Amino acid sequence: MNFIETRGNDGKNPAEVTFSEAILSPIASFGGLYVPKELPALGKEFLEKHLNSSYKELAKDMLTRFQIDIDGAVIDEALALYDKFDDASNPVPVVKVKNDLYVSELYHGPTRAFKDMALQPFGVVLSSIAQKRGENYLILAATSGDTGPAALETFKNRANVQVACLYPDGGTSDVQRLQMVTEDAKNLKVIGINGVFDDAQNALKHLLASERFKAELKEKNILLSAANSVNFGRIIFQIIYHIHSYLELVRQGEIAMGEKVYLNVPSGNFGNALGGYYAMKMCIPVEKIIIASNENNVLTRLINLGKYDLNGHGVVSTTSPAMDILKSSNVERILYDMFGDKRTKELMNDLDTKNVYELTAQELSTLQEVFAADYCNGDEGKKYIKDTFESGYLMDPHTATCFKAYETCATKEYVTIAYSTAEWTKFSPTIANALTGELDASDIDALEAISQEAKLSIPSMIAGLFSKAVVQKTVIEKEQIEEEILKFL
Ligand SMILES: *Cc1c(COP(=O)(O)O)cnc(C)c1O
């Protein structure tokens, strides 16, 4: 299966690329993204076949249907990393929370956030492609807190790959920062920036597009790639757990095969939601994909009003920082799928030049056939955390945003699968505040308080962070990023 471009082809880029090529250079003509030329049609037959499959068997078959240019043995090695999740036989538990609301827990991997679902296997795939080609890659990652730790963890000491990871200093939780700055491996460089996540992401986009930077790398015999969620090598692994979650509900007897569900996704860069969209197109029956946001509610406004408008909207810091994003990159792949490459190019050009694009009434109704959206502010989120804890389930502030959208958008009699994207351990001060009212607890104090209150132990990979040496100490202005990275190489 080959890949084509969301904004059409400029006549200079190849008209189609392989999966490996789309992974290695994820930015396409006119600044667009790569998408599969077509999706494998899996249908009900695929669901029935995998009703009793393990996560890995399901994943292997789905990846095989994509006919990507990756050896079966490499795919097996990549999928074997799910064996290191809390429960090797079920890396993604789906838990009933109340009535017709279920939570699919995507955080049982090494860094306790859902980024592991895709980045764990992606690290193996990318390193193996690089080795096969005899090439060396610099992976640039920009993180609002969870991608960074997961990218560092997956590429640590892998052959033919170095990582430079940019994060907004002060824009992540202590745990997230410690997960990055304590990563000690020769092929990893962590850089704090005085700025917000969009500054880090813009710097990354700028470097990826810079011919001069690429030329400097070339002199060192290094090529450039990115591990952000625009990379299809991540998206492909994010389709699987949506199919798995659906099958889990059938297995648990909660729905009948073929029955529709709501998918309810806490969204930032829209990778998770896009995975759900592809899963829906390929096989699972979905009534609507409900997009939950925080106060940075640009997606809510797009889906409800048809306008992607950044004018007058700066990023605000919230209690769900992994969703503090205004330019939600993967929405572009939905635009492409619904409206084609010419229209996508037009809309994305409007966004670049005018900071806004507007859908026609007809386009908006096409979008609303699939998506619904709402946002949840920090106080509402804390109330959901507290109330839900009192009825027996502990969740993080990102997951909590889904609960509001569930109430307002899941209006029909279908079961809802909400996705839990982080463990409580990653955002403990907010949760402690929600549960006990305590303000400004440090991460470690909050972890201990919640651990006692909820009678849950702190997993060793989190508890151990506080006594680990900080080895990554760089914090700089965004103008210095390029120089700093070249120094590291
Ligand atoms: C990355 C992340 C999100 C947003 O996911 P997208 O795929 O970027 O929409 C939500 N919650 C948490 C905890 C995350 O780490």
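You'll find the structure just up there.
Thresholds applied
- Residues numbered from 1 in each chain as written.
- Predicted model: local features only at pLDDT ≥ 70, side-chain atom pairs only at ≥ 80, totals over all residues.
- Heavy atoms only, no water.
- Phe/Tyr/Trp six-rings, centres within 6.5 Å; stacked < 30°, edge-to-face > 60°.
- Helix = DSSP H or I, 4+ residues; strand = E, 2+ residues; numbered from the N terminus.
- Buried < 20%, exposed > 50% of the residue type's maximum accessible area, 1.4 Å probe, protein only.
- Core = buried A, V, L, I, M, F, W, Y, C linked by side-chain atoms within 4.5 Å.
- Near = heavy atom within 4 Å.
- Polar contact = N/O pair within 3.5 Å; in protein donor to acceptor, adjacent residues only side chain to side chain.
- Areas by Shrake-Rupley, 256 points an atom, 1.4 Å probe, with all protein chains shown as cover.
- 1 Å grid on protein atoms, 1.4 Å probe; cavity = no way out; pocket = protein on both sides within 12 Å on 5 of 7 lines; lining within 4 Å.
- Sits in = over half its atoms within 2 Å of the grid points.
- Nonpolar A, V, L, I, M, F, W, Y, C, P; charged D, E, K, R; others polar.
- Axes fitted to C-alpha atoms, helices over the stretch in contact; angles between N-to-C directions.
- Parallel < 35°, antiparallel > 145°, perpendicular 65-115°, else oblique.
- Left-handed = near helix turned anticlockwise from the far one by under 90°.
- Contact = heavy atoms within 4.5 Å.
- Pairing = 2+ DSSP bridges.
- Expected span 1.5 Å × (residues − 1).
- Arc of directions from axis to C-beta.
- Points joined across faces, edges and corners; volume = space filled by probe spheres on them.

Colleague: Honestly, the packing of aromatic side chains in this entry has me stumped. Any pointers?
Modeller: When we look at a pair of aromatic rings, we describe it by the centre distance and by the angle of the planes. The full count for this structure, using the stated rule, is 14 aromatic pairs. Residues Phe3 and Phe19 carry aromatic rings whose centres are separated by 5.9 Å and whose planes lie at 45° to one another, so their mutual orientation is tilted. Of this pair, Phe3 sits in strand β1 (residues 3-5) while Phe19 sits in helix α1 (residues 19-24), placing them 16 residues apart in sequence. Each member of the pair, Phe3 as well as Phe19, carries the same accessibility label: buried.

Colleague: How should I be thinking about unusual backbone geometry in this particular structure?
Modeller: Most peptide bonds take the trans form, and the phi angle of most residues other than glycine is negative. Backbone geometry at Asn157 places phi at a positive 60°, although glycine is not the residue there. Position of Asn157 relative to the elements: it lies in the loop between α6 (147-155) and β6 (161-168). Given the relative accessible area of 58%, Asn157 is considered exposed. Even without being a glycine, Asn355 presents a positive backbone phi close to 65°. Its place among the elements puts Asn355 in the loop between α15 (341-354) and β12 (356-358).

Colleague: I tried to follow the environment of Lys132 on my own but got confused; where do I start?
Modeller: Along the polypeptide, Lys132 turns up in helix α5 (residues 115-133). For Lys132, a relative accessible area of 63% translates into the label exposed. Through-space distance from the C-alpha of Lys132 to that of Asn160 is 9.8 Å; in sequence the pair is 28 residues apart.

Colleague: What should I look at first to understand the nonpolar core in this one?
Modeller: It is characteristic of soluble globular proteins that their nonpolar side chains tend to be buried jointly. Met62, Ile243, Tyr357 and Phe371 are the most contacted members of the largest nonpolar core, which totals 152 residues. Ranked by size, the runner-up nonpolar core spans 23 residues in total, among them Ala164, Leu207, Leu217 and Leu224.

Colleague: Explanation requested: the site of the ligand in the structure shown.
Modeller: Neighbouring residues of the ligand: 15 residues in total, closest Lys115, Asp146, Gly268, Asn269 and Thr421. Asp146 is positioned such that a nitrogen or oxygen atom in its side chain is 2.5 Å from an oxygen atom of the ligand. Between the ligand and Phe270, the relevant distance is 2.8 Å, taken from an oxygen atom to a main-chain nitrogen or oxygen of the residue. The protein chains hide 97% of the 380 Å² of surface that the ligand would expose on its own. Here the ligand occupies the largest cavity. A breakdown of the residues in the shell around the ligand according to their chemical character gives six nonpolar, seven polar and two charged.

Colleague: Which parts of the structure should I look at to understand the packing of helix α19 (residues 428-436) against helix α20 (residues 443-454)?
Modeller: Two packed helices can be described by the angle between their axes and the distance between those axes. Where α19 meets α20, the closest approach of the two axes is 8 Å, and the angle between their N-to-C directions is 50°. Here α19 is positioned oblique relative to α20, judged by the angle of their axes. Along this stretch, α19 crosses α20, giving a crossing that reads as left-handed. Between α19 and α20, the residues in contact are Ser428, Pro429, Ile431, Ala432, Leu435 and Thr436 and Asp443, Ala446, Leu447, Ile450 and Glu453, respectively. The class makeup of the residues in the contact of α19 with α20 is seven nonpolar, two polar and two charged.

Colleague: Is there a simple way to explain the sheet that holds strand β15 (residues 475-476) in this structure?
Modeller: What links the strands of a sheet is backbone hydrogen bonding, and the strands pair in either a parallel or an antiparallel sense. Across the sheet, five strands lie side by side as β8-β5-β6-β7-β15; this open sheet has parallel pairing. In this open sheet, the two edge strands, each paired with only one partner strand, are β8 (223-226) and β15. For strand β7 (residues 188-193) and β15, the ladder comprises two bridges, and the chain directions are parallel. Looking at the pairing, Gly192 lines up with Val475 of β15. Contacts from α6 reach β5 (137-142), β6 and β7, with the element oriented near 165° to β6.

Colleague: What is the right way to look at helix α17 (residues 378-390) in this model?
Modeller: Side chains of residues three or four places apart in an α-helix project in the same direction, reflecting 3.6 residues per turn. Here α17 is 13 residues long and its end C-alpha atoms lie 18 Å apart, about the 18 Å a rise of 1.5 Å per residue gives. Considered for burial, the residues of α17 that qualify are Gly378, Gly381, Tyr384, Ile385, Thr388 and Phe389. Down the axis of α17, the buried set is contained in an arc of 125°. They therefore lie on one face. For α17, the exposed residues lying more than 90 degrees away from the buried face are Asp379, Lys383 and Glu390. Looking at the packing, one finds that the buried side of α17 touches β3 (94-98), α18 (397-409), α19 and α20. One or two steps after α17, the chain reaches Gly392, where phi turns positive at roughly 110°.

Colleague: Hey, could you run me through empty space enclosed by the protein in this one?
Modeller: Rolled over the atoms, a probe as big as a water molecule pinpoints where empty space is left. According to the stated counting rule, one finds four cavities of 30 Å³ or more in the structure shown. Put simply, the largest cavity is a space of about 310 Å³. Lining the largest cavity are 25 residues; nearest its centre among them are Phe114, Lys115, Gly268, Asn269 and Ala322. Secondary structure elements with two or more residues in the lining of the largest cavity: β9 (261-266) and α12 (271-282). Per-element accounting of the lining of the largest cavity gives the leading share, three residues, to α12. Its residues assigned to classes, the lining of the largest cavity shows 10 nonpolar, 12 polar and three charged. A volume near 50 Å³ is recorded for the second largest cavity. As for the second largest cavity, its lining consists of 13 residues, of which Thr319, Asn377, Gly378, Gly381 and Pro397 are closest to the centre.

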